[in-house]
Amino acid sequence: MAPIRTPSSRTVVLPQDNIDTDQIIPARFLKATSREGFGDNLFRDWRYNSDNTPKKDFVLNDPTYHGKILVGGANFGCGSSREHAAWAIKDAGFDVVVSSFFADIFKNNALNNFLLPVTVSEDFLQKIFAAIRKDPATAIDVNLETQTVSLHNDGAMSGETGESETFEINNYKKTCLLNGYDDIDYLLSIRGEIEKFEHSLI
């Protein structure tokens, strides 16, 4: 997988709380075993009418909002443990999801699929929502190395940034995301250390 280091992007916002995995990817689309194609049905029931025409008032159908960062309300990814929810968000082109709280299983599934869940304070989350309501071109910078997330102010396009927060992440998962490692890749990266330890036991 491609490493995730410093994504900077405009955002797509869903300010609802308790967005569950059945809303992210409805159960009827879980028959496929490949990760590809799930993005087409991301938020399917919110995104399309029963006749498959797009709902004009849904954010993913509004060209004003686009980018690689999805911002949701509190308790994002609650509900069932389906890994397909992370697949769908990643396949739709998102690299980062921002919320004030993630369901634990969704968070782990996201990290395992190179989708970075960034947990911010509720106060900072509301500032993000307010800024994007005011200006949909508002961007967010995420720096995984320093574990900071920054909200652009009105000078964003000239490189200035506004308020910033730090976020927590498991150090092992951070290493994997920064280097594009899955679990096997990580073990191969420390093969020398493993072999050295094995020889020390002989």
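Residues numbered from 1 in each chain as written. Predicted model: local features only at pLDDT ≥ 70, side-chain atom pairs only at ≥ 80, totals over all residues. Heavy atoms only, no water.

**Student:** I would appreciate a short explanation of helix α6 (residues 171–179) in the present structure.
**Tutor:** For an α-helix, 3.6 residues make a turn, and residues three or four places apart therefore share a direction. Regarding α6, the residues found buried are Lys173, Lys174, Cys176, Leu177 and Leu178. Taken together, the buried residues of α6 touch α4 (104–112), β4 (116–119) and α7 (183–189). The residue sitting at the N-terminus of α6 and contributing the capping side-chain oxygen is asparagine 170; that oxygen lies 2.9 Å from the backbone nitrogen of tyrosine 172. Looking one or two places after α6, you find glycine 180, whose phi comes out positive at around 75°. (Buried < 20%, exposed > 50% of the residue type's maximum accessible area, 1.4 Å probe, protein only. Helix = DSSP H or I, 4+ residues; strand = E, 2+ residues; numbered from the N terminus. Contact = heavy atoms within 4.5 Å. Polar contact = N/O pair within 3.5 Å; in protein donor to acceptor, adjacent residues only side chain to side chain.)

**Student:** How should the pairing of strand β5 (residues 139–143) be read in this particular structure?
**Tutor:** A regular strand places its side chains so that they alternate between the two faces of the sheet. With four of its five residues buried, β5 lies for the most part within the structure. The sheet contact formed by strand β1 (residues 8–14) and β5 spans three bridges and is antiparallel. Across the sheet, the residue bridging to arginine 10 is alanine 139, located in β5. Here four bridges tie β5 to strand β6 (residues 148–151), and the two strands are oriented antiparallel to one another. Bridge pairing in β6 links asparagine 143 to threonine 148. Connecting the antiparallel pair β5 and β6 is a turn made up of four residues, with glutamine 147 showing a positive phi of about 55°. (Pairing = 2+ DSSP bridges.)

**Student:** How should I be thinking about the packing of aromatic side chains in this particular structure?
**Tutor:** Pairs of aromatic rings are described using the distance from one ring centre to the other and the angle between the two planes. One pass over the full model with this rule turns up eight aromatic pairs. Among the aromatic residues, those joined into a cluster by ring pairs are Phe43, Trp46 and Phe58. Between the NZ or CZ atom of arginine 44 and the centre of the ring of tyrosine 48, over which it lies, the distance is 4.2 Å. (Phe/Tyr/Trp six-rings, centres within 6.5 Å; stacked < 30°, edge-to-face > 60°. Lys NZ or Arg CZ within 6 Å of the ring centre and 35° of its normal.)

**Student:** Mind showing me how you'd approach the sheet that holds β4 here?
**Tutor:** Within a beta sheet, neighbouring strands are joined by backbone hydrogen bonds and run either parallel or antiparallel to one another. If you trace the seven strands from one edge of the open sheet to the other, you get β4-β3-β2-β1-β5-β6-β7, paired in mixed fashion. Where the open sheet ends on each side, the last strands, each with one partner, are β4 and β7 (164–166). Strand-to-strand twist of the sheet, defined as the mean angle between neighbouring strand axes without regard to direction, takes the value 30°. Here strand β3 (residues 96–99) pairs with β4 via four bridges, running parallel. Looking at β4, one finds that valine 96 is bridged to leucine 116. (Axes fitted to C-alpha atoms, helices over the stretch in contact; angles between N-to-C directions.)

**Student:** Explain the pattern of salt bridges here, please?
**Tutor:** Close approach of charged atoms lets side chains of opposite charge pair. Counted by the stated rule, this structure contains six salt bridges. Two residues, aspartate 22 and arginine 82, come together in a salt bridge whose shortest N-O distance is 3.0 Å. In this pair, aspartate 22 sits in helix α1 (residues 21–24) while arginine 82 sits in the loop between β2 (69–72) and α3 (84–91), placing the two residues 60 residues apart along the sequence. Note on aspartate 22: relative accessible area 36%, which makes it partly exposed. Measuring nitrogen to oxygen at the nearest pair gives 2.7 Å for the salt bridge that ties glutamate 163 to lysine 127. Within this pair, whereas glutamate 163 is found in the loop between β6 and β7, its partner lysine 127 is found in helix α5 (residues 122–134), the two being separated by 36 residues in sequence. For lysine 127, a relative accessible area of 31% translates into the label partly exposed. By sharing partners, the salt bridges in this structure join Asp123, Lys127 and Glu163 into a single network. (Salt bridge = Lys/Arg side-chain N within 4 Å of Asp/Glu carboxyl O.)

**Student:** When you look at α5 in this model, what are you seeing that I'm missing?
**Tutor:** In this model, α5 (13 residues) spans 18 Å end to end at C-alpha, consistent with the 18 Å of a helix rising 1.5 Å per residue. Within the sequence span of α5, burial applies to Phe124, Leu125, Ile128, Phe129, Ala131 and Ile132. The arc that holds every buried residue of α5, seen down its axis, measures 165°, which confines them to one face. Facing away from the buried side of α5, by more than 90 degrees, are the exposed residues Arg133 and Lys134. Against β1, β2, β3, β5, β6 and β7 lie the buried residues of α5. (Expected span 1.5 Å × (residues − 1). Arc of directions from axis to C-beta.)

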